[in-house]
There are 2 protein chains.
Amino acid sequence: MKMKTSEVLLRICSVLVLVLTACLVGLDTQTKRFTFFERKATFRDLQALSILVDVASVAAGYNLLQLIRCSVLSARFDVNWKGSHIYLAWVCFLLDQIAIYITFAANSAALQASLLSLTGAKDFQWMKLCNTFTRFCFQIGGGLLSGFSACLLMAAMSSISAFNLFRLYSPKRFLFLK
Amino acid sequence: MKMKTSEVLLRICSVLVLVLTACLVGLDTQTKRFTFFERKATFRDLQALSILVDVASVAAGYNLLQLIRCSVLSARFDVNWKGSHIYLAWVCFLLDQIAIYITFAANSAALQASLLSLTGAKDFQWMKLCNTFTRFCFQIGGGLLSGFSACLLMAAMSSISAFNLFRLYSPKRFLFLK
């Protein structure tokens, strides 16, 4: 019972944090007026950021679906866990693993691209951009911070789904159900 | 017993693949002669690549230590798994999780930085670099491929360490040992 509550809580939190990430990054714009032209910075300028927005939205949707699964199926399946419950546990475990790794990769890539925008790369003649668009960069930083908190929550959740799956197996014999 | 064999095999493979990654990226250089000057490309030019080399080396060392742990401690601890074995399983599980996430983050960041070098970023006036240093870029690509295979191996290994830990727990009661 405690397990179920913590899973539901973690999933609700990660949905909220993922939506926050997508909003912080996706709604971030700053317009700067130079002497001869105007330049607007959005998340579409950097491919890694637009991928992050997409991935965070999809991951939030996935966790929402899992929440529905938790509330609908748990009551029916908890009783006879040896039957179809084991397949459900395997599916949840694999999907959770895929979700956390994809979200984590998108966050790491976005962090790397943002760091390059912040520091530039002298050897490559890539110039810094954050001295021009400071407020924009701070908001992206906030988005990345909330993205990594979402990863932490999802990693905890994937451990719980691993726990739910593997405790069905025997401690003595390999892949043998209890 | 099968479990142990597959864990040892996975760890040996991932040590080899991680060393291959570090060598492919770390030993990659290309010198190009322009009209007035000479330019040498190494992995030190891009911070993400030098971080990847460091992380791959440390991860290979970690997996080597875990291999030694497997061969030394397994015989002694397998008999009375309810005592100190549970602490060892928790430590292995947590360390494996940390190792895979750090390796995966380093790989994703290096992939993002390499993609930026390959495509450039028009909005930012960041120029492409791989049309000049083609062979260098191909070798980095090979290094990243082997880095992601190492991640796959380490993800499988972290699932095994989760299996080894969580199957010690009861399927009916939360965090209750069998």
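Residues numbered from 1 in each chain as written. Chains lettered and ligands numbered in written order. Predicted model: local features only at pLDDT ≥ 70, side-chain atom pairs only at ≥ 80, totals over all residues. Heavy atoms only, no water.

Caption draft 1: Region of interest: the state of the cysteines. Under the criterion given, the structure shown has two disulfides over all chains. Disulfide pairing places Cys130(A) opposite Cys137(A) at an S-S distance of 2.1 Å. Where Cys130(A) bonds to Cys137(A) through sulfur, the torsion about that S-S bond is close to -85°, and the disulfide is left-handed. A relative accessible area of 11% means that Cys130(A) is categorised as buried. Cys70(B) supplies the cysteine sulfur nearest to Cys13(B), a cysteine that is in no disulfide, at a spacing of 13 Å. Note on Cys23(B): no disulfide assigned, nearest cysteine sulfur contributed by Cys13(B) at a separation of 17 Å. (Disulfide = S-S within 2.5 Å. Buried < 20%, exposed > 50% of the residue type's maximum accessible area, 1.4 Å probe, protein only.)

Caption draft 2: Here's a closer look at the packing of aromatic side chains. Considering all chains together, one arrives at 19 aromatic pairs over all chains under this definition. An angle of 5° between the planes, with centres 4.7 Å apart, marks the rings of Trp126(A) and Trp126(B) as stacked. Of this pair, Trp126(A) sits in the loop between helix H3 (85–119) and helix H4 (134–166) while Trp126(B) sits in the loop between helix H3 (85–119) and helix H4 (134–166), each in a different chain. Summarising the burial analysis for this pair, Trp126(A) and Trp126(B) share the class buried. Note on Phe163(A) and Phe166(B): the rings are 5.2 Å apart at their centroids and 90° apart in plane angle, and the pair reads as edge-to-face. (Phe/Tyr/Trp six-rings, centres within 6.5 Å; stacked < 30°, edge-to-face > 60°. Helix = DSSP H or I, 4+ residues; strand = E, 2+ residues; numbered from the N terminus.)

Caption draft 3: Representation of the relation of the copies chain A and chain B in the model. The operation relating chain A to chain B is a screw motion whose rotation component is 180°, with 0.0 Å of axial translation and a residual RMSD of 0.0 Å. Within this description, the copies of the chain are treated as partners about a two-fold rotation axis. The fraction of interface residues of chain A whose copies in chain B are also interface residues reaches 100%, indicating that both copies meet through the same surface. (Least-squares fit on C-alpha atoms with pLDDT ≥ 70 in both. Contact = heavy atoms within 4.5 Å.)

Caption draft 4: Representation of the packing of H3(A) against H3(B) within the structure. Direction vectors running N to C along H3(A) and H3(B) enclose 50°, while the axes themselves pass 8 Å from each other. In terms of orientation, H3(A) lies oblique with respect to H3(B). Helix-helix and strand crossings are classified by hand; for H3(A) and H3(B) the assignment is right-handed. Residues Ile100(A), Tyr101(A), Phe104(A), Ala105(A), Ser108(A), Ala109(A), Gln112(A), Ala113(A) and Leu116(A) of H3(A) lie in contact with H3(B), whose contacting residues are Ile100(B), Tyr101(B), Phe104(B), Ala105(B), Ser108(B), Ala109(B), Gln112(B), Ala113(B) and Leu116(B). (Axes fitted to C-alpha atoms, helices over the stretch in contact; angles between N-to-C directions. Parallel < 35°, antiparallel > 145°, perpendicular 65-115°, else oblique. Left-handed = near helix turned anticlockwise from the far one by under 90°.)

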